[in-house]
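This is what each chain is made of:
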Amino acid sequence: RWGPRDKYQLHDFAGVIEVLEAIGGDDPRAGEAAELVADAKGQLLKMYESKVGDFNRTPRVLVSGEEVIWLNLNHRAGFILSQIDGTGTFEDLIALSGMSRLDTVKILAELLSQRVIEA
């Protein structure tokens, strides 16, 4: 039995991606791995999108500038947070992020769940 399939069945989509993205193109399972990664990314995106909700809403920051320092955000989350100005929608943030939709939506979902932002 192939480990990534087990992870997929357990809905550990991030685990599937982590394991399979290390497989090189010369591996006989590379084609199957690429399909499974694409599917896992699609499932993760749906999960995070459901946490964000309506992408036409406008997020706003709930914490002060001083509190942001204590959040221990990585540079990508910090960039997304710095772009929230009360006028752009979630969809606008995704468009200007320069990251994949999955990466940006994941960051937005995490900021929402940590109550750093709200819509």
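Residues numbered from 1 in each chain as written. Predicted model: local features only at pLDDT ≥ 70, side-chain atom pairs only at ≥ 80, totals over all residues. Heavy atoms only, no water.

Enquirer: Tell me about the packing of helix H5 (residues 75–82) against helix H7 (residues 101–113), and please be specific about residues and values.
Expert: Contact pair H5 / H7: the axes reach a minimum separation of 10 Å and the direction vectors enclose 75°. Taken together, the axes of H5 and H7 are roughly perpendicular relative to one another. Residues Arg76, Ala77, Ile80 and Leu81 of H5 lie in contact with H7, whose contacting residues are Asp103, Thr104, Ile107, Leu108 and Leu111. The residue makeup of the contact of H5 with H7, split by class, is six nonpolar, one polar and two charged. (Axes fitted to C-alpha atoms, helices over the stretch in contact; angles between N-to-C directions. Helix = DSSP H or I, 4+ residues; strand = E, 2+ residues; numbered from the N terminus. Parallel < 35°, antiparallel > 145°, perpendicular 65-115°, else oblique. Contact = heavy atoms within 4.5 Å. Nonpolar A, V, L, I, M, F, W, Y, C, P; charged D, E, K, R; others polar.)

Enquirer: How would you summarise H7 if you had to cite specific residues and measurements?
Expert: The end-to-end C-alpha distance of H7, which contains 13 residues, comes to 18 Å, matching closely the 18 Å that a straight helix rising 1.5 Å per residue would cover. Buried residues of H7: Leu102, Thr104, Val105, Ile107, Leu108, Ala109, Leu111 and Leu112, and no others. Buried residues along H7 sit in contact with helix H3 (30–52), H5, helix H6 (90–97) and strand E2 (117–118). Note on H7: the residue one or two positions beyond its end, arginine 115, has a positive phi of about 60°. (Expected span 1.5 Å × (residues − 1). Buried < 20%, exposed > 50% of the residue type's maximum accessible area, 1.4 Å probe, protein only.)

Enquirer: Explain unusual backbone geometry to me, and be specific about the residues and the numbers.
Expert: Its identity is not glycine, yet asparagine 72 carries a phi of approximately 55°, on the positive side. Residue placement: asparagine 72 occurs in the loop between helix H4 (65–69) and H5. A relative accessible area of 71% places asparagine 72 in the exposed class. In this structure, arginine 115 takes a positive phi of about 60° despite not being glycine.

Enquirer: Provide a residue-level description of the packing of H3 against H7, including the pertinent values.
Expert: Where H3 contacts H7, the axes come no closer than 9 Å and their chain directions differ by 35°. Regarding H3 and H7, the two cross each other, and that crossing is left-handed. Listed contacts from H7 to Lys41, Leu44, Leu45, Tyr48, Glu49, Lys51 and Val52 of H3 are Arg101, Leu102, Val105, Lys106, Leu108, Ala109 and Leu112. The residue makeup of the contact of H3 with H7, split by class, is nine nonpolar, no polar and five charged. (Left-handed = near helix turned anticlockwise from the far one by under 90°.)

Enquirer: If you had to explain H6 to someone new, which residues and values would you point to?
Expert: Of the positions making up H6, those classed as buried are Phe90, Leu93, Ile94 and Ser97. Buried residues of H6 fall within an arc of 100° about the axis and therefore sit on the same side. Looking at the buried residues of H6, the elements they touch are H3, H5, H7 and E2. (Arc of directions from axis to C-beta.)

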